[in-house]
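# Descriptive structure summary
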Protein chains: 2
Amino acid sequence: MKIILATSNLDKVKEFNRILKDFDVDIKPAPYSIKVAETGKDFIENAILKARAYYREFKVPVLSDDSGLEVDVLGKAPGIFSARFSEDGSYKSNIERLLNQIKDIREEKLRARFVCAVCLIDDRDILHVTQEICEGYIIKEIRGDNGFGYDPIFYYPDLGRTFGEISAEEKDKVSHRGRALRKLFSAILLGV
Amino acid sequence: MKIILATSNLDKVKEFNRILKDFDVDIKPAPYSIKVAETGKDFIENAILKARAYYREFKVPVLSDDSGLEVDVLGKAPGIFSARFSEDGSYKSNIERLLNQIKDIREEKLRARFVCAVCLIDDRDILHVTQEICEGYIIKEIRGDNGFGYDPIFYYPDLGRTFGEISAEEKDKVSHRGRALRKLFSAILLGV
């Protein structure tokens, strides 16, 4: 199945391709990106809004993602606003704003999770959605150059390192996006 | 797969069971019905809202439906408001209101279609949605006692009768709900 990606985030495009390389799908960026009002109340609603908007525009199978970070002590913020948490929306500014909000909290590790909803509209015009999470902690310093977004401050206890310090292969095995994509495509293409 | 229905409309429950009797699924009404704010912009969004609300409540596979009638000369009204078109929302009052709105239009047959979006959240926590339509005409008199809702004023040209005049088996073969349900379950259970 040929699928276009409903995202203009090149880091996500890279991850999608890497995670799905063992499935019989041909993933391409969309011909151009379109503006989608992310008015959903949660990750699933926003993933659906993006996929349907791209499907209406290009009329071919579409895969979308809506993901973010929930920090328990901040009432699950930034949540669906993770990518637009700071004024300029850059990874650096988003992390700075988050670290600033938690700087007076005594604990060194703050319980948090990455959440990822993925939505595929397939070649039969059927929409499929699922969501997975990856539990970990936010730490108060930036560690590692790998990954993107909040990865360098997201500490994954099972590996004892941040997502900025582990390899792409290590990340894909346990990440929210890896889990959600494998679950969705295993069910649709392999029936498991 | 055991599935509960996210509807309190007994006519729909009957249709669901009839249409899906050849599939390996066990369809039951929900233990009780819950109030869902149908705030979606279209049939697909409302079907998803209902399925997710029932899934949150009962935590078992859920099947929902959002359907309605689009009359072209009325700007596709009543559309997603088909079931709540008149004050009391009874089939009789809804039909009366519709016939009243078209009484001054010269044509005898007005182009219209039934639309049905169906949403399944399966036993792997994956949501699947699709939508189908059934094209026909609204006529200005009530004909037949079969079916429910707007069926007695919906004329289906291929059979030369209204949905109130055809049998349940004839209706299921061509109806919006029959087409949507067979498409969804064929894809999910049979992979076709």
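Note that the structure is a prediction, hence the values are computed from the model and not measured. Residue numbering note: each chain is counted from 1, following its sequence as written. Chains and ligands are labelled by the order in which they are written, letters from A for the one and numbers from 1 for the other. In keeping with the model being predicted, local features are shown solely for residues with a pLDDT of at least 70 and side-chain atom pairs are shown and tallied solely at 80 or more, while totals for entire chains, interfaces and linings include all residues. Each side-chain value is worked out from all heavy atoms of the structure, with water and hydrogens disregarded.

This paragraph deals with the overall build of chain A. Working definition: helices are DSSP H or I runs of at least four residues, strands are E runs of at least two. Numbering for both runs from the N terminus. A tally of helices and strands in chain A yields five helices and eight strands. When the elements of chain A are put in sequence order from the N terminus, they spell out β-α-β-α-β-β-α-β-β-β-β-α-α. Two things to know: the radius of gyration comes from C-alpha atoms, and the globule rule equals 2.2 Å times the number of residues to the power 0.38. Whereas a compact globule of 192 residues would reach a radius of gyration of roughly 16 Å, chain A reaches 16 Å, a difference of no more than 12%. The C-alpha extent of chain A, read off along each of the three principal axes, is 55 × 30 × 25 Å. A simple rule labels every residue: compare its accessible area, found with a 1.4 Å probe on the protein chains alone, to the largest value its type can have, and call it buried under 20%, exposed over 50%, or partly exposed in between. Each of the 192 residues in chain A was classed as buried or not, and the buried ones make up 53%. Excluding contacts between residues fewer than 6 apart, the proportion of contacts in chain A whose partners are at least 24 apart in sequence is 59%. Residue exposure ignores everything except the shown protein chains as possible cover, and the areas themselves are Shrake-Rupley values with a 1.4 Å probe. Within the structure as shown, chain A displays about 9100 Å² of accessible surface, and the carbon and sulfur contribution to it stands at 50%. Working convention for charge: Lys and Arg count positive, Asp and Glu count negative, and His plus the chain ends are omitted. Charge positions come from single atoms, namely NZ of Lys, CZ of Arg, CG of Asp or CD of Glu. Each charge class in chain A was averaged separately, 31 positive and 32 negative side chains, and the resulting centres sit 1 Å apart. The contact rule is simple, with two residues in contact once any of their heavy atoms fall within 4.5 Å.

Here we come to the interface of chain A and chain B. Every contact between the two is made by 19 residues of chain A and, on the other side, 19 residues of chain B. Carbon and sulfur atoms make up 50% of the area that chain A and chain B hide from each other, which totals about 1500 Å². It is Arg52, Arg124 and Ile126 of chain A that lose the most area in chain A upon contact with chain B, and together they represent 32% of the buried surface on that side. Any carboxyl oxygen of Asp or Glu that lies within 4 Å of a side-chain nitrogen of Lys or Arg is treated as forming a salt bridge with it. Inspection of the region where chain A meets chain B yields two salt bridges. By buried area we mean the combined loss of accessible area, with a 1.4 Å probe, across both parts when two parts are placed together.

The next point concerns unusual backbone geometry. Backbone phi values are negative for most residues with the exception of glycine, while trans is the configuration of most peptide bonds. The linkage connecting Ala77 of chain A with the following residue, Pro78 of chain A, adopts the cis geometry, with an omega of -5°. Within the fold, Pro78 of chain A resides in strand β4 (residues 77-78). The phi dihedral of Asp125 of chain A falls on the positive side, at around 65°, and the residue is not glycine. Locating Asp125 of chain A in the fold gives a position in the loop between β5 (109-121) and β6 (127-139). Despite not being glycine, Lys76 of chain B shows a phi value in the positive range, around 70°. With respect to the helices and strands, the residue Lys76 of chain B is situated in the loop between β3 (62-71) and β4 (77-78).

On to the packing of aromatic side chains, then. Two numbers describe a pair of aromatic rings. These are the distance of the centres and the angle of the planes. Between 30 and 60 degrees the pair is tilted, below 30 it is stacked and above 60 it is edge-to-face, where a pair is any two Phe, Tyr or Trp rings, Trp via its six-membered ring, whose centres lie within 6.5 Å. Applying the stated criterion across every chain yields a total of 16 aromatic pairs over all chains. When the ring of Tyr156 of chain A is compared with that of Phe163 of chain A, the centres are 5.8 Å apart and the planes differ by 45°; the resulting orientation is tilted. Given a relative accessible area of 6%, Tyr156 of chain A falls into the buried group. Judged by centre distance (5.9 Å) and plane angle (20°), the ring pair of Phe114 of chain B and Phe163 of chain B falls under stacked. Here Phe114 of chain B is found in strand β5 (residues 109-121), whereas its partner Phe163 of chain B is found in the loop between β8 (161-162) and α4 (168-174), with 49 residues between them in sequence. By relative accessible area, which is 5% here, Phe114 of chain B ends up buried. When its relative accessible area of 1% is taken as the criterion, Phe163 of chain B is described as buried.

All names here are of chain A. Closest axis-to-axis distance for the helix α1 (residues 10-19)/helix α5 (residues 176-190) pair is 10 Å, and the angle between their directions is 50°. By the angle class used here, α1 and α5 are oblique. When the axes of α1 and α5 are compared, the crossing they make is right-handed. Residues Lys12, Glu15, Phe16 and Ile19 of α1 form the contact with α5, whose own contacting residues are Arg177, Gly178, Leu181 and Arg182. Under the scheme applied, nonpolar residues are Ala, Val, Leu, Ile, Met, Phe, Trp, Tyr, Cys and Pro; charged residues are Asp, Glu, Lys and Arg; polar residues are all the others, including Gly. For the contact of α1 with α5, a count of residues per class yields three nonpolar, one polar and four charged. To define axes, lines are fitted to C-alpha atoms, for helices over the stretch in contact only, and angles between the resulting N-to-C directions are given on a 0 to 180 degree scale. The cut-offs work like this: below 35 degrees is roughly parallel, past 145 is roughly antiparallel, 65 to 115 is roughly perpendicular, and the gaps in between are oblique. Note on convention: near helix rotated counterclockwise from far helix by under a right angle means a left-handed crossing. Clockwise means right-handed.

Before going further, it helps to spend a moment on the pairing of β5 of chain B. Residues and elements named next belong to chain B. Extensive coverage of β5 is indicated by the burial of 11 of its 13 residues. Two strands qualify as a pair provided that DSSP identifies no fewer than 2 bridges between them. Looking at chain direction, β3 and β5 are connected through 10 bridges and run antiparallel. Along β5, the bridge assignment pairs Asp65 with Val118. Pairing analysis gives 13 bridges linking β5 to strand β6 (residues 127-139), with the strands arranged antiparallel.

Attention now moves to helix α2 (residues 43-58) of chain B. Residue and element names in this part refer to chain B. Here the expected span of a helix is defined as 1.5 Å times the quantity of residues minus one. The end-to-end C-alpha distance of α2 is 23 Å, a good match for the 22 Å that 16 residues give at a rise of 1.5 Å each. For α2, the buried fraction is high: 13 of the 16 residues fall into the buried class. Immediately beyond the C-terminal end of α2, within one or two residues, lies Lys59, with a positive phi of roughly 55°.

Residue and element names in this part refer to chain A. In terms of strand pairing, strand β1 (residues 2-5) meets strand β2 (residues 26-29) through four bridges, oriented parallel. Among the inter-strand pairings, Leu5 is bridged to a residue of β2, identified as Pro29. We call a crossover right-handed when, viewed with the strands running away from us, the connection from the first strand over the helix to the second turns clockwise. A crossover connection joins β1 to the parallel β2 through α1; in handedness this β-α-β unit is right-handed. Relative to strand β3 (residues 62-71), β1 runs parallel, the two being bridged by two bridges. The residue of β3 that forms the bridge with Ile4 is Val62.

With that settled, the discussion passes to the relation of the copies chain A and chain B. Of the transformation placing chain A onto chain B, the axial shift is 0.0 Å and the rotation is 180°, giving an RMSD of 0.0 Å. What the superposition gives is, in effect, a two-fold axis relating one chain to the other. No C-alpha of chain A lies nearer the rotation axis than that of His128 of chain A, which sits 2.2 Å from it. A shared interface surface links the copies, since 100% of the contact residues of chain A are contact residues in chain B too. Superposition of the copies used a least-squares fit over C-alpha atoms from residues whose pLDDT is at least 70 in both.

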